[in-house]
Amino acid sequence: MDETAHAHHGYIHQKDDYLKRLRRIEGQARGLQRMVEEEKYCIDILTQVSAMTKALQSVALGLLEEHLSHCVAQAAQAGGAEADEKIREASDAIARLVRS
């Protein structure tokens, strides 16, 4: 179900913050590429991979929190099939995050 036509997503009030964080992560990815191109020490590259992974996890957890407190909470109030769907989506997203 595409909600973009009739509803705002929960993260919209922090959109600029998310974009800033994602741009920083993009810069980290370019830095990692440079490190490999320049044949930097393995442990230094792994340290940067770990930092980038943590940054992505932080974004993911923030978006999940927004989804739960906005989209899932609204659907739960409405009840029915929409609530079931939003809860399933959230559960699936949590499972993906745990596996990653």
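First things first, this report covers the structure right here in the doc. Every chain begins its residue count from 1, and numbering advances along the sequence as written. In keeping with the predicted nature of the model, local features appear solely for residues at pLDDT of at least 70, side-chain atom pairs appear and are counted solely at 80 or more, and the whole-chain, interface and lining totals rest on all residues. Side-chain measures here rest on the full set of heavy atoms in the structure, leaving out hydrogens and waters.

The next thing to look at is helix 2 (residues 42-78). With 37 residues, helix 2 ought to run about 54 Å at 1.5 Å a step, and its terminal C-alpha atoms sit 52 Å apart, in line with that. At H67, helix 2 shows its maximal bend, which comes to roughly 35°. Within helix 2, the full set of buried residues consists of I45, M52, V59, A60, G62, L64, E66, H67, C71, V72 and A75. Any two residues having at least one pair of non-hydrogen atoms within 4.5 Å are treated as being in contact. Segments assigned H or I by DSSP are reported as helices when at least four residues long, segments assigned E as strands when at least two residues long, and all are numbered from the N terminus. Buried residues along helix 2 sit against helix 1 (15-37) and helix 3 (80-99). Two residues or fewer after helix 2 comes G79, characterised by a positive phi angle close to 75°. Multiplying 1.5 Å by the helix residue count minus one yields the expected span of that helix. The term bend refers to the angle at a residue between two fitted axes, each drawn through seven residues, those ending there and those starting there. The buried label goes to any residue with under 20% of its type's maximum accessible area, the exposed label to any with over 50%, and the partly exposed label to all in between, with areas taken from a 1.4 Å probe on protein chains only.

The next subject is helix 1. In this model helix 1 runs 33 Å from its N-terminal to its C-terminal C-alpha over 23 residues, within 8% of the 33 Å that 1.5 Å per residue would give. When helix 1 is considered as a whole, its buried residues turn out to be Y18, I25, G31, L32 and M35. In the core, the buried residues of helix 1 are packed alongside helix 2. Phi for E39, located one or two positions after helix 1, is positive at around 55°.

This next bit is on unusual backbone geometry. The backbone of E39 shows a phi angle near 55°, a positive value even though the residue is not glycine. Tracing the backbone shows E39 in the loop between helix 1 and helix 2. What makes E39 exposed here is its relative accessible area of 71%.

Here the focus is the environment of L32. Note on placement: L32 falls in helix 1. Separated by 14 residues in the primary sequence, L32 and L46 have C-alpha atoms spaced 9.1 Å apart. Contact partners of L32, with chain neighbours within four places excluded, come to I45, Q48, V49 and M52.

Further remarks concern the nonpolar core. Buried Ala, Val, Leu, Ile, Met, Phe, Trp, Tyr and Cys residues that are joined via side-chain atoms within 4.5 Å together make up what is termed a nonpolar core. If you look at the biggest cluster of nonpolar residues, it comprises seven residues: Y18, I25, L32, M35, I45, M52 and V59. Of all the elements in the fold, those that place two or more residues in this core are helix 1 and helix 2. Element by element, the count of residues in this core is highest for helix 1, at four residues.

What follows concerns a nonpolar patch on the surface. Like charges within 9 Å and nonpolar side chains (Val, Leu, Ile, Met, Phe, Trp, Tyr) within 5 Å are joined into patches, using only residues over 30% in relative accessible area that form no salt bridge. Per-residue and other accessible areas follow the Shrake-Rupley method at a 1.4 Å probe size, with only the shown protein chains counted as cover for residues. Note on definitions: salt bridges are taken to be side-chain nitrogens of Lys or Arg within 4 Å of carboxyl oxygens of Asp or Glu. Together, Y11, I12 and L63 line one region of the surface with nonpolar side chains, adding up to about 230 Å² of accessible area. Inspection of the secondary structure assignment puts I12 in the segment before helix 1.

The next point concerns the pattern of salt bridges. With the rule as written, the count across this model stands at five salt bridges. For E85, the salt bridge goes to R88, with nearest N and O atoms at 2.7 Å. Note that E85 and R88 are positioned in helix 3 at a spacing of three residues, about one turn of the helix. A relative accessible area of 40% places R88 in the partly exposed class. The closest approach of N and O atoms between D92 and R88, which form a salt bridge, is 2.6 Å. Residue D92 and its partner R88 are both found in helix 3; the two are separated by four residues, about one turn of the helix.

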